[in-house]
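What follows is each chain in one-letter form.
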Protein chains: 2
Amino acid sequence: MGAIVTLPLAENSRPMRVITVNVNGIRSAASKGLFTWLAGQNADVVCLQETKAQEHQLDKSLHYPAGYHVYYHDAEKKGYSGVALFCRRQPDRLIRGMGWPDFDGEGRYLQADFGDLSVASLYLPSGSSSEERQAVKFDMMARLMPQFKRLRQMQRDYIICGDWNIAHRNIDLKNWRGNQKNSGFLPEERAWLDELLGAAGWVDAFRVVNQEAEQYTWWSNRGQAWAKNVGWRIDYQMITPGLAGKVRGAAIYKDQRFSDHAPLTIDYDLPL
Amino acid sequence: MGAIVTLPLAENSRPMRVITVNVNGIRSAASKGLFTWLAGQNADVVCLQETKAQEHQLDKSLHYPAGYHVYYHDAEKKGYSGVALFCRRQPDRLIRGMGWPDFDGEGRYLQADFGDLSVASLYLPSGSSSEERQAVKFDMMARLMPQFKRLRQMQRDYIICGDWNIAHRNIDLKNWRGNQKNSGFLPEERAWLDELLGAAGWVDAFRVVNQEAEQYTWWSNRGQAWAKNVGWRIDYQMITPGLAGKVRGAAIYKDQRFSDHAPLTIDYDLPL
DNA sequence: CGTAGTATG
DNA sequence: CATACTACG
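Worth saying up front: this structure is predicted, and the values here are computed from it rather than measured. (Residues numbered from 1 in each chain as written. Chains lettered and ligands numbered in written order. Predicted model: local features only at pLDDT ≥ 70, side-chain atom pairs only at ≥ 80, totals over all residues. Heavy atoms only, no water.)

Asker: Please set out the side chain of A:Thr240 residue by residue, giving values where relevant.
Answerer: Residues and elements named next belong to chain A. Looking at the element boundaries, Thr240 is found in the loop between strand 12 (235-239) and strand 13 (247-252). Among the residues examined, Thr240 registers a relative accessible area of 4% and is labelled buried. Polar contacts involving the side chain of Thr240 include one to the main-chain amide nitrogen of Tyr158, which spans 2.9 Å. (Helix = DSSP H or I, 4+ residues; strand = E, 2+ residues; numbered from the N terminus. Buried < 20%, exposed > 50% of the residue type's maximum accessible area, 1.4 Å probe, protein only. Polar contact = N/O pair within 3.5 Å; in protein donor to acceptor, adjacent residues only side chain to side chain.)

Asker: Quick rundown of the protein's contact with DNA strand D? Include the residues and the values.
Answerer: The environment of DNA strand D is made up of 21 residues, and the closest members are A:Ser28, A:Lys32, A:Asn221, B:Lys77 and B:Tyr80. Residue B:Lys77 places a side-chain N or O atom 2.6 Å away from a phosphate oxygen belonging to DNA strand D. Here a phosphate oxygen of DNA strand D sits 2.7 Å away from a polar atom, N or O, in the side chain of B:Tyr80. Of the residues in the surface near DNA strand D, the class split is two nonpolar, 10 polar and nine charged. (Near = heavy atom within 4 Å. Nonpolar A, V, L, I, M, F, W, Y, C, P; charged D, E, K, R; others polar.)

Asker: Which residues make up helix 5 (residues 131-153) of chain B, and what values do they have?
Answerer: Residues and elements named next belong to chain B. Over its 23 residues, helix 5 runs 34 Å from end to end, which matches the ideal 33 Å to within 8%, given 1.5 Å per residue. Along its length, helix 5 reaches its greatest deviation from straightness, about 25°, at Leu144, and the proline Pro146 lies no more than four positions downstream. Elements in contact with the buried residues of helix 5: helix 4 (101-104), strand 7 (117-123), strand 8 (157-163) and helix 6 (187-197). (Expected span 1.5 Å × (residues − 1). Bend = angle between axes of the 7 residues up to and from the residue. Contact = heavy atoms within 4.5 Å.)

Asker: Account for the sheet that holds strand 1 (residues 16-22) of chain A, naming residues and giving values.
Answerer: Residues and elements named next belong to chain A. Overall, mixed pairing links the six strands, which are arranged 3-4-2-1-14-13 in an open sheet. What marks the edges here is a single partner per strand, and that holds for strand 3 (69-73) and strand 13. Recorded for the sheet is a direction-independent mean angle of 10° between the axes of neighbouring strands. Bridge count between strand 2 (residues 45-49) and strand 4 (residues 83-87): five bridges; the pairing is antiparallel. Paired with Leu48 across the two strands is Ala84, which belongs to strand 4. (Pairing = 2+ DSSP bridges. Axes fitted to C-alpha atoms, helices over the stretch in contact; angles between N-to-C directions.)

Asker: Please provide a residue-by-residue account of the protein's contact with DNA strand C, values included.
Answerer: Neighbouring residues of DNA strand C: 22 residues in total, closest A:Lys77, A:Tyr80, B:Ser28, B:Lys32 and B:Asn221. In the interface set of DNA strand C, defined as its atoms within 4 Å of the protein, sugar plus phosphate atoms amount to 82%. In the model, a phosphate oxygen of DNA strand C is placed 2.5 Å from a nitrogen or oxygen of the A:Tyr80 side chain. The residue inventory of the surface near DNA strand C, partitioned by class, reads two nonpolar, 10 polar and 10 charged.

Asker: Hey, could you go over the nonpolar core for me, with residue numbers and the actual values?
Answerer: Membership of the largest hydrophobic core comes to 32 residues, with the highest contact counts inside it found for A:Val18, A:Val119, A:Ile159, A:Ile239 and A:Tyr268. Discounting residues that sit within four places of it in the chain, A:Ile159 has contacts with A:Met16, A:Val18, A:Leu117, A:Ser118, A:Val119, A:Ala120, A:Gln237, A:Met238, A:Ile239, A:Leu243 and A:Tyr268. Membership of the second largest hydrophobic core comes to 26 residues, among which are B:Ala112, B:Val119, B:Tyr123 and B:Leu270. (Core = buried A, V, L, I, M, F, W, Y, C linked by side-chain atoms within 4.5 Å.)

Asker: Explain the sheet that holds strand 14 (residues 264-268) of chain B residue by residue, including any values.
Answerer: Strand pairs in the sheet, formed through backbone hydrogen bonds, run parallel or antiparallel to each other. All names here are of chain B. The strand order across the open sheet formed by six strands is 3-4-2-1-14-13, and the pairing between neighbours is mixed. Looking at which strands have only one partner, the edges of the open sheet turn out to be strand 3 (69-73) and strand 13 (247-252). Adjacent strand axes in the sheet meet at a mean angle of 10° when their direction is disregarded. Pairing analysis gives five bridges linking strand 13 to strand 14, with the strands arranged antiparallel. What sits directly across from Ala250, in strand 14, is Ile266.

Asker: Please set out the state of the cysteines residue by residue, giving values where relevant.
Answerer: All names here are of chain A. Using the criterion set out here, one finds zero disulfides over all chains in the structure. Here Cys47 is not cross-linked by a disulfide; its sulfur's nearest cysteine counterpart is in Cys161, at 3.7 Å. A disulfide-free cysteine, Cys87 has its sulfur positioned 7.7 Å from the sulfur of Cys47, the nearest such atom. (Disulfide = S-S within 2.5 Å.)

Asker: I'd like a description of the pattern of salt bridges, backed by residues and values.
Answerer: Enumeration according to the criterion identifies 28 salt bridges over all chains in this entry. Residue A:Asp139 is joined to A:Arg143 by a salt bridge in which the shortest nitrogen-to-oxygen separation is 2.8 Å. Remark: A:Arg143 and A:Asp139 occur in helix 5 (residues 131-153); sequence separation between them is four residues, near one turn of the helix. Close ionic contact of B:Glu106 with B:Arg133 constitutes a salt bridge, the shortest N to O distance being 3.2 Å. Remark: B:Arg133 occurs in helix 5 and B:Glu106 occurs in the loop between helix 4 and strand 6 (109-114); sequence separation between them is 27 residues. Neither residue differs from the other here; B:Glu106 and B:Arg133 are each classed as buried. One salt-bridge network, held together by shared partners, links A:Asp172, A:Asp204, A:Arg207 and A:Arg233. (Salt bridge = Lys/Arg side-chain N within 4 Å of Asp/Glu carboxyl O.)

Asker: Provide a residue-level description of the side chain of B:His261, including the pertinent values.
Answerer: Residue and element names in this part refer to chain B. By the element assignment, His261 lies in the loop between strand 13 and strand 14. A polar contact of 3.4 Å, which involves the side chain of His261, links it to the side chain of Asn22. Polar contacts involving the side chain of His261 include one to the side chain of Asp235, which spans 2.8 Å. Apart from the residues within four sequence positions on either side, His261 is in contact with Val21, Asn22, Asp163, Thr217, Trp218, Trp219, Ile234 and Asp235.

Right under this line is the structure:
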């Protein structure tokens, strides 16, 4: 038998894999196999939203996957919101929140820095439950825009992952016509993403490699939304332009259902 | 073929069947087949406790079994307590509560009169959740005793069915030794039943025909209580002495599980 | 542990 | 409709 020769890839050609998923309760998602699935994904960074737990309620054995540095940033209110990061490599720095007490108390932003790359888990408020919450969402959007513009001036690369709770274009949800007055597809919300992805210079990493319709990441639990694929694309990895050319592939995982959102995986041609 | 002759039973020899069951949520019990089972029982009166619903939340088709006059007496607080009566024959009179606003607002007593017989559904407070609730239970017991003594002076027969939340004797629960300091088997509670069944002259209908041990009607949901038959007999049909000789049979139904309590059926040699 | 209610999405 | 928390038992 001849010897099998494997050519090792150059260090900087192994892709960096980033997964983002709104888990709608990390304990629920865990019970549906999220961590088993993650163990096979070989992700470098995993960004979670809506953990709906406080760290003291979690199991060391279950919710702290082996081989990762695990960071939770919880809401003060029990069972509400919360984001997390699982990082293969130990970050040089961790940033919890935006420095805004109202936003930060809801556990909505967690950032890890690795050299000149930052990866963040963001959970934008939903506006669907009331007028008041829609006002909070608009307020957060207004405060976040200058922040995102500022980050673009830094000499750093950013990957801001998360549940942005806004579908961008008609192609990004099944019933765009019927949802123009609904939170998540309001003209002001779409214009905000237009600005982020236009004047502010950010890039929707998924769309770099995939321009197809019906690429949804969220389906309502009501009715037969999942079965009929009546979905929305509201989970994104937003990246600074220097990374755009390094998006190698993107995938939405629908074979299992861990929550009402599907995981979004993007591979980048980056060393990490 | 020869003619089949069936001898009709005399009117007053058909037994009257009374069933009592704490349903721990009538909607939950319904989903587990309570009403399907009841339809085959041919009961004359069914006494329910812990309906945990207000009448407007119930389905006419499901929670009002055909062939019965149905009466619910709900707690003011949603999802809490509540008793009900299903009566094959229309009662001459219906009595809601004891005339005590605190007790009656919790939906704990409902009585139907048929000629000189009264059948009631009673739900005595539980004392297990706090010292305060144990005090309420003791207070109710103190007020009920003179009431039950008064009823004994009436020229009527009474069947007071329900969840009395007290096991009477050592034989009436699995771990009597370990429960002597626990609500439901406190010395004061047992003494109260001693008085009811002694000086006050009431009769525990089940014990008229069954003196065996391990005749439980309730099992904790915690641990393996049901599987290990670690139960308590806390549901009774308490009757006036004139009915004692008419208890024909008694049964606790354990083949299906509608709630944490089992239905208690007693047949009486009474016309109704 | 299990049935409810409520908030939130 | 689904995941949480809370009350109550």
